[in-house]
Amino acid sequence: MPGDRRPIPLKILVAGGFGVGKTTMVQALSEIPPVLTEESLTTASVGVDDIAAVPDKSTTTVAMDFGRISMDDLVLYLFGTPGQHRFWFMWDELARGAVGAVVLVDLRRIDDSFAAIDYFESRRLPFVVAVNSFPGNGRFDDHAVRDALALAPSVPLVRVDARTADSCLATLIALVEHALARTEVRA
Amino acid sequence: MSEDPSRSPDGANGVAGRVVPVFAVTGGRTRSAGTDLPMESLVTVTEHAKQAENLRKEYRVILDIAERPVSLVEVGAALDVPVGVARVLVSDLAEANYLTVHEPLDTDGDGRPSPAVLTRLLDGLRAR
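1. Topic: the overall build of chain A
Thinking step 1. Along its length, chain A carries 6 helices and 7 strands.
Thinking step 2. Across chain A, helices and strands are ordered from the amino to the carboxyl terminus as β-α-β-α-β-β-α-β-α-β-α-β-α.
Thinking step 3. Looking at chain A residue by residue over its 187 residues, the buried ones come to 43%.

So this is what it looks like as structure tokens:
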């Protein structure tokens, strides 16, 4: 880390249904042992007073894993985000200022990915859909996958083996290329 | 001994509960004095911190790990406290000029990283 330059934090979200490989992907990419951390409601963009309205405070914590990739003064954080709807308050904080998101998909359970896709579309956050290489997921061509997920043509669709660093890295590159193209369109 | 009310009863993070409730660490504060820092904000230790004496353990741990840039989430994980608590402790140290906070400021208006930063990120990832 050069001492003369200010470090710049960046973040990418890894979203998708339960058991789709979010933790595996963060693990494959991270230079630090991925940490499972506990996030609490007070740390999200929710007023302290709102907590009083939550009858059972013990239910307001949620586990989240994160990893890190350092590149000179850039420090990229990967957040494996909890997929359940009730944690959307956390997605808002995570999505704010993010480079974009990877939506991991298991074609055997595509319904699990709709919530994430809808969310990122509505927030206009750049995202790519990455089909994880579970058995049988190779049987469907891209056209069929796009159809099933009702994906906009502009959303990149990639195949990934979440256990392999190179494959995960290629997915991140596809996402950053997409995010960059989006900024150029806006400009 | 009653249960620590600040922990979820199922021990979600697999760590034995701390003896002191997490918000006792911050004197009951759940909000930091400054603006709400994004959780990926980085902190680094300052020269001035070398003069810091008699700091409580949590502060000392933060200054130790901030020898290289670390984020609020990493501070939280190192102390086994939620990010909100880490945010308060980091703000205290920043106010004492023991830490420099590096927020993700380089954005292009809609809060997203600027094209210049994205280009550098892309180069960095391709070089790996």
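2. What to know about the packing of helix α2 (residues 57-65) of chain B against helix α3 (residues 72-79) of chain B
Residue and element names in this part refer to chain B.
Thinking step 1. Viewed as axis vectors pointing N to C, α2 and α3 meet at an angle of 130 degrees, and their least axial separation amounts to 10 Å. By the angle class used here, α2 and α3 are oblique. Helix-helix and strand crossings are classified by hand; for α2 and α3 the assignment is right-handed. Here α2 contributes E58, V61, I62 and I65 to the contact with α3, which in turn contributes E74, V75, A78 and L79.

3. Structural notes on helix α4 (residues 111-122) of chain A
Residue and element names in this part refer to chain A.
Thinking step 1. Relative to the 16 Å expected for 12 residues at 1.5 Å per residue, α4 spans 18 Å between its end C-alpha atoms, a close match to the ideal helical length.
Thinking step 2. Inspection of α4 places S113, A116, I117, Y119 and F120 among the buried residues, and these make up the whole buried set. Taken around the axis of α4, the buried residues stretch over an arc of 160 degrees, which confines them to a single face. What points out from α4, more than 90 degrees from its buried face, is the exposed set D111, D118 and S122.
Thinking step 3. After α4 finishes, the residue R124 shows a positive phi value of roughly 55 degrees.

4. Re the sheet that holds strand β2 (residues 70-71) of chain B
Within a sheet, neighbouring strands are paired by backbone hydrogen bonds and run either parallel or antiparallel to one another.
Residues and elements named next belong to chain B.
Thinking step 1. An order of β2-β1-β3 is seen for the 3 strands of this open sheet, with the pairing classed as antiparallel. On the outer flanks of this sheet lie β2 and β3 (99-102), each paired with one strand and no other.
Thinking step 2. Looking at chain direction, strand β1 (residues 42-45) and β3 are connected through 4 bridges and run antiparallel. Along β3, the bridge assignment pairs L42 with H102.

5. Some words on the packing of α2 of chain B against helix α4 (residues 83-95) of chain B
Packed helix pairs are specified by the crossing angle of their axes together with the interaxial distance, meaning the distance between the axes.
Residues and elements named next belong to chain B.
Thinking step 1. Two elements in contact, α2 and α4, have axes whose closest approach is 10 Å; the angle formed by their N-to-C orientations is 75 degrees. Here α2 is positioned roughly perpendicular relative to α4, judged by the angle of their axes. Between α2 and α4, the contacting residues are E58, Y59, I62 and L63 on the first element and L89, V90 and L93 on the second.
Thinking step 2. Across the contact of α2 with α4, the residue classes tally to 6 nonpolar, no polar and 1 charged.

6. Thoughts on helix α1 (residues 22-29) of chain A
Thinking step 1. The buried fraction of α1 of chain A is high, at 6 of 8 residues.
Thinking step 2. Among all positions in α1 of chain A, only K22, T24, M25, V26, A28 and L29 of chain A are buried.

7. A look at unusual backbone geometry
What is expected of a backbone is that most residues other than glycine have negative phi and most peptide bonds are trans.
Residue and element names in this part refer to chain B.
Thinking step 1. Here N54, not a glycine, exhibits a phi torsion of approximately 55 degrees, which is positive.
Thinking step 2. A positive phi angle is found at N97, which is not glycine, with a value near 65 degrees.
Thinking step 3. Topologically, N97 is positioned in the loop between α4 and β3.
Thinking step 4. Residue classification places N97 among the partly exposed positions, given that 13 C-beta atoms sit within 10 Å.

8. Re the nonpolar core
Thinking step 1. Grouped together as the largest cluster of nonpolar side chains are 77 residues, with contacts concentrated most on I12, V14, A101, V102 and V103 of chain A.
Thinking step 2. The biggest single contributor to this core is α4 of chain B, with 7 residues.
Thinking step 3. The contact partners of I12 of chain A, leaving out residues within four places of it in the chain, are L76, L78, A98, V99, G100, A101, V102, L172 and L175 of chain A.

How each quantity is defined
The written sequence of each chain sets the order in which its residues are numbered from 1. Each chain is given a letter, starting from A, and each ligand a number, starting from 1, according to the order in which they appear as written. With pLDDT at 70 or above as the cut-off, local features in this predicted model cover only qualifying residues; side-chain atom pairs require 80 or more to be listed or tallied, and sums for whole chains, interfaces and linings still use all residues. Secondary structure elements are taken from DSSP: a helix is a run of H or I of four residues or more, a strand is a run of E of two residues or more, and numbering for both begins at the N terminus. Once C-beta atoms are placed from the backbone, each residue is buried if 20 or more other C-beta atoms lie within 10 Å of its own, exposed if 12 or fewer, and partly exposed for counts between those two. Under this scheme, a helix contributes an axis fitted over its contacting stretch, all axes are lines through C-alpha atoms, and angles between N-to-C directions fall in the 0 to 180 degree range. For classification purposes, angles smaller than 35 degrees are called roughly parallel, those larger than 145 roughly antiparallel, those between 65 and 115 roughly perpendicular, and all remaining angles oblique. Here is the rule for handedness: rotate from the far helix to the near one, and if that takes an anticlockwise turn smaller than a right angle the crossing is left-handed, while a clockwise turn gives right-handed. Here, residue contact means that the backbone-derived C-beta atoms of the two residues sit within 7 Å. Working rule for helices: expected span equals 1.5 Å times residues minus one. This arc corresponds to the set of directions leading from the helix axis out to the C-beta atoms. Criterion used throughout: strands pair if DSSP finds at least two bridges between them. Charged means Asp, Glu, Lys or Arg here, nonpolar means Ala, Val, Leu, Ile, Met, Phe, Trp, Tyr, Cys or Pro, and polar covers whatever is left, Gly included. To count as a nonpolar core, a set of buried Ala, Val, Leu, Ile, Met, Phe, Trp, Tyr and Cys residues must be joined through C-beta atoms within 7 Å.

These values are about where atoms sit, not about what they do.
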